[in-house]
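Structural description and commentary
Chain by chain, the residues:
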Amino acid sequence: MIAIRADLLDFTAAPPWQGPGLEGVRWRPDHWLLVGDDGRIQGAQIEDPGPGWERHDHRGRLLTAGFIDTHVHAPQLDVIASHGAGLLEWLETYTFPAERRHADPAVAAAAAARFLEALLAHGTTAAVVFPTVHRASAEALFEAAAARGMRLVAGKVLMDRHAPDGLRDDVDGAERDCEALIARWHGRDRLAYAVTVRFAVTSTPAQLAMAGALLERHPGLYMQTHVAENRDEVRWVGELFPQARSYLDVYHRHGLLNERAVLAHGIWLDAHDRALLRDTGAQIAFCPSSNLFLGSGLFDWQAGVDAGHRVSLATDVGGGTSLSMLRTLAEGYKVQALRGLRLSAWTLLHAATRGAAESLGLAHEIGHLEAGAAADVVVWDWAVGEPATHRDALARGALPGLAAQDLHARVFAWLMLGDERNRVATWVAGRLHGTGP
Ligand code: GUN
Ligand code: ZN
């Protein structure tokens, strides 16, 4: 049994979309979070729980639920920060060649371990992840996540056209690989399988139909893909699928949209598409650092809210330039500012924790600090270095003659200025990261 002392911040519900209201925000400064031997949160209290508990005293620090990154590519740590290309050229020049190397199980295993260690070191405890087209890379990712007790959603990438040699599958082989991976991994430990269509460009209609059949045959699977990220890509999909009403409609026609579907980007959607997302329950993973880095466009979150579809936040590394969800939230704020929207720290944090958990149907397990949830939690320094330390002192009223600012101001400054250097410790199901199984 462990007890962690810190300032506890989580959400009981979605905060107001506009304005600084505190509804849904749960703030418990200087509390002990209690975690049972089963790795679940038991509760929180002000009083020291006393001997009998393994105590971790992080007073003066912040504790949140671990972040949930709803779209990220494990093999793309190799191509993060590659210069000078928009999406399609970036895939051809950097990403496809790098992903080919993951046919080798040893390369895939090393990459999976490196990737998950990096996620945890950035304060991300759950993720929806692309490996590569190779079955070995999906196996390696699941193995590595199981060894760490992590909540992970992943699946072998499907791509049977418009990709180089060594990076294409075929419909029958892919179906066999998917069935084997589903049988071995879906529902085992904290793992779930996602039918993983890379994007409409790289799958034939026959492969998309096979993907839809898998989802129908195995209720409870996730689906992950990309949609409407880049204008050249959207044009190409229009040429490849002239009968579809839109890019998103390609997926809909093949039975790929449901409440467990996670579609990255969704920048170039129209009102019909947004209504389709709402009606099917599918979510968009907003990937601001990737969208800026690749020059893809500015996601319209307000239109998503108006239409009533779900939105979560994601790094999309290696298109994105950081695995830090704090940095990603800060970039998300700036992208929305360019659209004239000033999101609160609450909206951003909620979307990367409880909101994402709800969108994934996992709110019984992750995304908050309720009793019964898995103890996937992260302790953070409020500030590292200058000017963050000065800014935090000002916000909490530690500077002589200056009144404290409100909680939102402090949390917003942490969110905008923080990154993985602020992370002090990560627990996964009550196990301190780095202390081994
Ligand atoms: N579209 C198809 N594949 C990819 C990928 O690997 N990254 C991004 N950002 N978009 C894609
Ligand atoms: Zn992606």
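Throughout what follows, the structure given in this document is the object of discussion. (Residues numbered from 1 in each chain as written. Chains lettered and ligands numbered in written order. Predicted model: local features only at pLDDT ≥ 70, side-chain atom pairs only at ≥ 80, totals over all residues. Heavy atoms only, no water.)

Structural notes on the pairing of strand β1 (residues 2-11)
Here is the rule we go by: Three labels apply to residues, based on accessible area from a 1.4 Å probe with only protein chains included: buried if under 20% of the type maximum, exposed if over 50%, partly exposed otherwise in between. The helix count covers DSSP runs of H or I at least four residues long, the strand count covers runs of E at least two residues long, and both are numbered beginning at the N terminus. Whether two strands pair comes down to DSSP finding at least two bridges between them.
The element β1 is largely enclosed, with a buried count of 10 among its 10 residues. Alignment of β1 against strand β4 (residues 54-65), held across six bridges, turns out to be parallel. Residue pairing across strands places R5 opposite D57, the latter belonging to β4.

Topic: helix α3 (residues 135-148)
Selection criterion: In a helix, the anticipated span is given by 1.5 Å times the number of residues less one.
The terminal C-alpha atoms of α3, which comprises 14 residues, lie 20 Å apart, in line with the 20 Å expected from a rise of 1.5 Å per residue. Buried residues of α3: S137, A138, E139, A140, L141, F142, A144, A145 and R148, and no others.

Overview of the coordination of the zinc ion (ligand 2)
Heads up, the rule is: For Na, K and Ca the donor cut-off is 3.2 Å; for every other metal, N, O and S atoms count as donors within 2.8 Å. Water does not enter the count, which can leave sites looking incomplete. Tetrahedral means four donors with every angle between 85 and 135 degrees, whereas square planar (four donors) and octahedral (six donors) require angles over 155 degrees between opposite donors and between 65 and 115 for all others; sites fitting neither are termed irregular.
Protein ligation of the zinc ion (ligand 2) involves H71 (NE2), H73 (NE2), H226 (NE2) and D316 (OD), the donor distances falling in the range 2.0 to 2.2 Å. For the zinc ion (ligand 2), the four donor atoms in the first shell make angles of 92 to 163 degrees at the metal, a pattern classed as irregular. Each donor residue of the zinc ion (ligand 2) belongs to the same chain, with the gaps between them written as H-x1-H-x152-H-x89-D. Placement of the pair is H73 in strand β5 (residues 67-73) and H226 in strand β10 (residues 222-227), with a sequence separation of 153 residues. By relative accessible area, which is 2% here, H73 ends up buried. A relative accessible area of 7% places H226 in the buried class.

Some points on the packing of helix α14 (residues 388-395) against helix α15 (residues 407-417)
Using the following cut-off: Fitted lines through C-alpha atoms serve as axes, helices being fitted only where they are in contact, and the angles separating the N-to-C directions of these axes extend from 0 to 180 degrees. Comment on the angle field: the value is read as roughly parallel under 35 degrees, roughly antiparallel over 145, roughly perpendicular from 65 to 115, and oblique elsewhere. By definition, residues are in contact when any of their heavy atoms lie within 4.5 Å. The residue classification treats Ala, Val, Leu, Ile, Met, Phe, Trp, Tyr, Cys and Pro as nonpolar and Asp, Glu, Lys and Arg as charged. All others, Gly included, are polar.
Between α14 and α15, whose axes approach to 9 Å, the crossing angle comes to 170 degrees. In terms of axis orientation, α14 runs roughly antiparallel to α15. From α14, A388, R391, D392 and A395 reach across to α15, where they touch A409, R410, A413 and L417. Here the residues of the contact of α14 with α15 are counted per class, giving five nonpolar, no polar and three charged.

Observations concerning the packing of aromatic side chains
Spelled out, the test is: Here the aromatic set is Phe, Tyr and Trp, taking the six-membered ring for Trp, and pairing holds for ring centres within 6.5 Å; pairs whose planes are under 30 degrees apart are stacked, those over 60 apart are edge-to-face, and all others are tilted. Should the NZ of a Lys or the CZ of an Arg lie within 6 Å of a ring centre and within 35 degrees of the ring normal, that charge is described as sitting over the ring.
What the rule picks out here adds up to 12 aromatic pairs. Between W380 and W414 the ring centres are 5.6 Å apart and the planes differ by 70 degrees, which places this aromatic pair in the edge-to-face class. Placement of W380 in strand β14 (residues 377-380) and of W414 in helix α15 is noted, with a sequence separation of 34 residues between them. Taking relative accessible area as the criterion, W380 reaches 0% and is therefore assigned buried. Among the aromatic residues, those joined into a cluster by ring pairs are W27, F67, W380, W382 and W414. Against the face of W382 rests R410, its NZ or CZ located 3.8 Å from the ring centre.

Comments concerning the site of ligand 1
Test applied: Residues are counted as near a molecule or strand when any one of their heavy atoms sits within 4 Å of it. Two N or O atoms count as a polar contact when they lie within 3.5 Å, although within protein this holds only if one can serve as hydrogen donor and the other as acceptor, and sequence-adjacent residues are included solely when both atoms are side-chain atoms. Using a 1.4 Å probe, accessible areas were evaluated by the Shrake-Rupley method; residue-level cover was limited to the displayed protein chains.
Taken together, H73, Q76, L87, W90, L91, R198, F199, H226, E229, H265 and D316 make up all the residues around ligand 1. In the model, a nitrogen atom of ligand 1 is placed 2.7 Å from a nitrogen or oxygen of the E229 side chain. Take D316: an N or O atom from its side chain is 2.7 Å from a nitrogen atom of ligand 1. With the chains in place, 100% of the 280 Å² that ligand 1 exposes on its own is no longer accessible. Ranked by residue count, the leading element in the shell around ligand 1 is helix α1 (residues 87-100), at three residues. Its residues assigned to classes, the shell around ligand 1 comprises four nonpolar, four polar and three charged.

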